[in-house]
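Analysis of the macromolecular model
The residues making up each chain are set out below.
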Protein chains: 2
Amino acid sequence: MAAKRSGARGKRPQRTSETSEWLQPLHEPRSEPSLSRERIVAAAVELLDAQGVDGLTMRRLADRLGSGVMSLYWHVDNKEDVFDLALDSVLEYRGPPQIAQDWRGEVVHMLEDWRASMLRHPWSTLLLPRRALGPNILSRLELLSKTLSRAGVADADVNVAIWSLWNYVMGATITRASFDLSDDDRAAAQQRLTRLSERYPTIERSRLLLDNDWDGAFRKGLGFLLDGLSPR
Amino acid sequence: MAAKRSGARGKRPQRTSETSEWLQPLHEPRSEPSLSRERIVAAAVELLDAQGVDGLTMRRLADRLGSGVMSLYWHVDNKEDVFDLALDSVLEYRGPPQIAQDWRGEVVHMLEDWRASMLRHPWSTLLLPRRALGPNILSRLELLSKTLSRAGVADADVNVAIWSLWNYVMGATITRASFDLSDDDRAAAQQRLTRLSERYPTIERSRLLLDNDWDGAFRKGLGFLLDGLSPR
DNA sequence: ACCTGAACACCGTTCAAGT
DNA sequence: ACCTGAACACCGTTCAAGT
C-alpha cells in the first residue's frame, strides 16, 4: 500500500478527490446526470464486482456509462486513477457500532470491518499492493492511531503497533481472498497436494491448505498480536 | 496466495514444474541452449527486475530470448503460467545458516529470508495475491510447519500459527515494497499529508508515513506474534 | 518434437476537433 | 466546460503451417 504517484492530480479539474465530496455543485442540477467523477467510480466498482480486475476496461466502463471512451478522460487522469478511486471508495468506514467500548474491542471491530469491506470486493485485495493511500484509508489509519494513543500505547510505539496490525490484516485479507476458490479449484488443490504428499508430508497431514476456519484463525492471530502490543 | 488454477498443466509437455528440476536431459547436450522452460523463466525474472510487472510482455520476452513470440507457447501455457513460474523461482530457500539454533531463531531466520527474497524482486509482492502456490512456496511452508511442530506447538494450533505468520510476513513485505518510493515520491507524500494535517492530525504528527525503520518494525511485530504463538 | 508468421480481437491514450 | 471519433502503438493468443 503506497503513496506512489501521490495526491496532486495532473490535469484540468482542480477539485481534488479530497474536496470533491464537500463541494457539490448546488447550482443547476442537470436533469440527466451526465458524466461525473462519482458516476465513473461507481460504475467502475460495479464492473470490478462483476468482472474482476482484468474485466475493467476503459472501453467497457464507457459503454456502461453510455459515453464515448475518451469522455472519461476529462474526469479522470487515466486507468490507474480509476483503480485508485475505486479501491478507496470501497473502504469507507462508518465507525464503531455503539459508544463506550473498551479500546481493544474497538480495534478489533475496526480491523474486522476493514477485512470484511475488502472481502466484499475481492478485487480490492489485488489492487492494494499497487495503489496510493486514499482519504478513506488514511481516515482509518487516523482513527486507529487515535484509539491506540488513547489506550495508552506510548507515542514511540504507536507506529510499530499500527504497521504490525496493518501488515497482519492486509496479509490475512489478501490470503483469504485468493484462497476463496471455486469448489472445482478447491478439489484440484487438495488432489494436487495429496499427489505430492511425499514431498510435503507435514502440511499435507495437517491439511493446511484445506483449513476452512479463516475467520477464527484471523481472530486468534489478531488476539496474539494485540496481546503483544497492549500497553503493559 | 492461492492454489488458483492448480498444478495440472493443460498442454503437451507432461514434465510438470515439480519434476523438471530433477530430470535433466543428460543425453545430447545441445550446443545452442535453444528454448526451454528454465531459460524462459530466467529471462522473465530478468525482464521483471528491469521493467517491472507491466514491463513483462510475451513479445519482449521472446525478443530477449531471440525467438519468435509463439515459440514460447510450446514451453509455457500462457502469460499467467510465466508469472506463476517467475514468482516461485524467486522463492527458493537454502535453509538456515548453521545447525543447532533454537526453534525461534530458526523461524525468524526463515521469515526474514522470505521477506528479503521478495524485496530483492519487488514485483513479486504485486504478483503474490494472484498466483498459485509453487513448489518453493510449499517447501517453505512445509519447513515452517515442521519447525513449529518440533518446537512443541500443538497439532491443533500449527495451522493457525502458520497462517498468522504468513499473513504478517506477506502483509509486511507487500507494504514495505509498495512504500519503497523514489525520493521524489517520498517528498510528495510528506507534502500531501502535511497539507491535509487538519484531517489526519494524529498520523501526521507521528509521521506514520515517513517512518523509515521498516526492518526494525518488522522484527518487533514478529516478536509480538511469536510471543503469542509460543507453546506455553 | 519444436518453432514460426500472419491474423484476430482486443487494449490505453494522444490529438485535433467539435459544442 | 465538457464530450467525441479516428488513429497509433501496442497487447495475448488461435491457427495453420513449417522442419
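Residues numbered from 1 in each chain as written. Chains lettered and ligands numbered in written order. Predicted model: local features only at pLDDT ≥ 70, side-chain atom pairs only at ≥ 80, totals over all residues. Heavy atoms only, no water.

Description of the protein's contact with DNA strand D
Inclusion rule: Put simply, a residue is near a molecule or strand once any heavy atom of it comes within 4 Å of that molecule or strand. Polar contact is the term for a pair of N or O atoms within 3.5 Å; when the atoms are in protein, one must be able to donate a hydrogen and the other to accept it, and sequence-neighboring residues count only if both atoms are side-chain atoms. Counting from the N terminus, the helices are the DSSP runs of H or I reaching at least four residues and the strands are the DSSP runs of E reaching at least two. Under this grouping Gly is polar, as are all residues other than the nonpolar Ala, Val, Leu, Ile, Met, Phe, Trp, Tyr, Cys and Pro and the charged Asp, Glu, Lys and Arg.
Lining the immediate environment of DNA strand D, one finds 18 residues, of which A:Ser71, A:His75, B:Arg59, B:Met70 and B:Tyr73 sit closest. Atoms of DNA strand D within 4 Å of the protein belong to the sugar or the phosphate in 48% of instances, the rest to bases. Within the backbone of B:Met58, a nitrogen or oxygen atom sits 3.1 Å from a phosphate oxygen of DNA strand D. Of all elements in the fold, only helix 3 (72–75) of chain A together with helix 2 (58–65) of chain B reach the threshold of two or more residues within the surface near DNA strand D. For the surface near DNA strand D, the element with the highest residue contribution is helix 2 of chain B, accounting for 3 residues. Residues of the surface near DNA strand D, tallied by class, amount to 8 nonpolar, 7 polar and 3 charged.

Comments concerning the UniProt feature "domain: HTH tetR-type" (unreviewed entry) in chain A
The cut-off we apply is this: UniProt positions are given in the numbering used here, feature names are shortened, and annotations may be inferred rather than shown by experiment.
Those residues carrying the UniProt feature "domain: HTH tetR-type" (unreviewed entry) are residues 34–94 of chain A in this numbering. Helix makes up 62% of residues 34–94 of chain A and strand 0%. Its end C-alpha atoms lie 29 Å apart.

Brief notes about the packing of helix 11 (residues 214–229) of chain A against helix 11 (residues 214–229) of chain B
Short version of the rule: To get an axis, a line is fitted to the C-alpha atoms, and for a helix only the part in contact is used. The angle between two axes follows their N-to-C directions and goes from 0 to 180 degrees. What sets the label is the angle itself: under 35 degrees gives roughly parallel, over 145 gives roughly antiparallel, 65 to 115 gives roughly perpendicular, and the rest give oblique. Here is the rule for handedness: rotate from the far helix to the near one, and if that takes an anticlockwise turn smaller than a right angle the crossing is left-handed, while a clockwise turn gives right-handed. Pairs of residues are marked as contacts when any of their non-hydrogen atoms sit within 4.5 Å.
At a closest axis distance of 8 Å, the pairing of helix 11 of chain A and helix 11 of chain B adopts a crossing angle of 115°. When the interaxial angle is binned, helix 11 of chain A and helix 11 of chain B end up roughly perpendicular. Read as a crossing pair, helix 11 of chain A and helix 11 of chain B show a hand that is right-handed. Residues A:Gly221, A:Phe224, A:Leu225, A:Gly228 and A:Leu229 of helix 11 of chain A pack against B:Gly221, B:Phe224, B:Leu225, B:Gly228 and B:Leu229 of helix 11 of chain B. Residues that form the contact of helix 11 of chain A with helix 11 of chain B fall into these classes: 6 nonpolar, 4 polar and no charged.

With respect to the domain arrangement of chain A
All names here are of chain A. Inclusion rule: A domain assignment, automatic or from a database, supplies the domain bounds used here. By definition, the buried area sums, over both parts, the 1.4 Å-probe accessible area that each loses when the two are put together. Salt-bridge detection follows one rule: a side-chain nitrogen of Lys or Arg within 4 Å of a carboxyl oxygen of Asp or Glu.
Annotation of chain A at the domain level lists domain 1 (33–90) and domain 2 (103–229). Inter-centroid distance (C-alpha atoms) of domain 1 to domain 2 is 28 Å. Every contact between the two is made by 12 residues of domain 1 and, on the other side, 14 residues of domain 2. Between domain 1 and domain 2 lies a buried interface of about 1200 Å² when both sides are counted; carbon and sulfur atoms form 64% of it. Joining domain 1 to domain 2, the criterion identifies 2 salt bridges. The shortest N-O distance in the salt bridge between Asp84 and Arg131 comes to 2.4 Å. Every element with two or more residues in the side of domain 1 that touches domain 2 is listed here: helix 1 (37–51) and helix 4 (79–89). Residue contributions to the side of domain 1 that touches domain 2 peak at 7 residues, all from helix 4.

Regarding the relation of the copies chain B and chain A
In this arrangement, two copies of a chain are superimposed by a rotation about an axis accompanied by a shift along the axis. Applied cut-off: Copies overlap after least-squares fitting; the atoms used are the C-alpha atoms of residues with pLDDT of at least 70 in both.
Superposing chain B onto chain A requires a rotation of 180° together with a translation of 0.0 Å along the rotation axis, leaving an RMSD of 0.0 Å. Such a turn and shift between the copies fits a two-fold axis. Interface overlap between copies: 100% of the residues of chain B at the interface are likewise at the interface in chain A, consistent with a symmetric, same-surface contact.

Some details on the interface of chain B and chain A
With 66 residues of chain B at the contact, the number on the chain A side is 66 residues. Of the roughly 6100 Å² buried at the junction of chain B and chain A (both faces included), carbon and sulfur atoms supply 59%. For the pair chain B and chain A, the interface holds 4 salt bridges. The partner of B:Arg205 in a salt bridge is A:Asp155, and the shortest N-O contact between them spans 4.0 Å. Here chain B and chain A share 16 residue pairs in polar contact (both at pLDDT 80 or more) between them. At the level of secondary structure, the elements contributing two or more residues to the side of chain B that touches chain A comprise helix 6 (123–127), helix 7 (135–150), helix 8 (155–178), helix 9 (183–195), helix 10 (201–205) and helix 11 of chain B. In terms of residue count, helix 8 of chain B provides more of the side of chain B that touches chain A than any other element does, 16 residues in total. The residue inventory of the side of chain B that touches chain A, partitioned by class, reads 34 nonpolar, 16 polar and 16 charged.

Some thoughts on helix 7 of chain B
Residues and elements named next belong to chain B. Threshold: How far a helix is expected to stretch is found by multiplying one less than its residue total by 1.5 Å. Buried, partly exposed and exposed residues are distinguished by accessible area as a fraction of the type maximum, computed with a 1.4 Å probe on protein chains only: under 20%, between the cut-offs, and over 50%, respectively.
Here helix 7 spans 22 Å end to end across 16 residues, near enough to the 22 Å set by a 1.5 Å rise per residue. Those residues of helix 7 lying buried are Pro135, Ile137, Leu138, Arg140, Leu141, Glu142, Leu144, Ser145, Thr147 and Leu148. Directly beyond the C-terminal end of helix 7, a positive phi value near 105° is found at Gly152.

Observations regarding helix 2 of chain B
Along an α-helix, residues three or four positions apart point the same way, because every turn accommodates 3.6 residues. Residue and element names in this part refer to chain B. Threshold: By definition, the arc is the one covered by directions from the helix axis to the C-beta atoms.
Buried within helix 2 are the following residues: Met58, Leu61, Ala62 and Leu65. Mapping the buried residues of helix 2 onto a view down its axis gives an arc of 100°, with all of them on the same face. Exposed and oriented more than 90 degrees from the buried face of helix 2 are Arg59 and Asp63. On its buried side, helix 2 packs onto helix 1 (37–51), helix 3 (72–75) and helix 4 (79–89). At the C-terminal side of helix 2, Gly66 shows a positive phi close to 65°.

Things to note about the pattern of salt bridges
All names here are of chain A. By the definition in use, this model includes 22 salt bridges over all chains. Taking the shortest distance from any N to any O, the salt bridge between Arg140 and Asp113 comes out at 2.2 Å. Of this pair, Arg140 sits in helix 7 (residues 135–150) while Asp113 sits in helix 5 (residues 103–119), and the two are 27 residues apart along the sequence. Asp113 matches Arg140 in its accessibility class, with the two residues each being buried.

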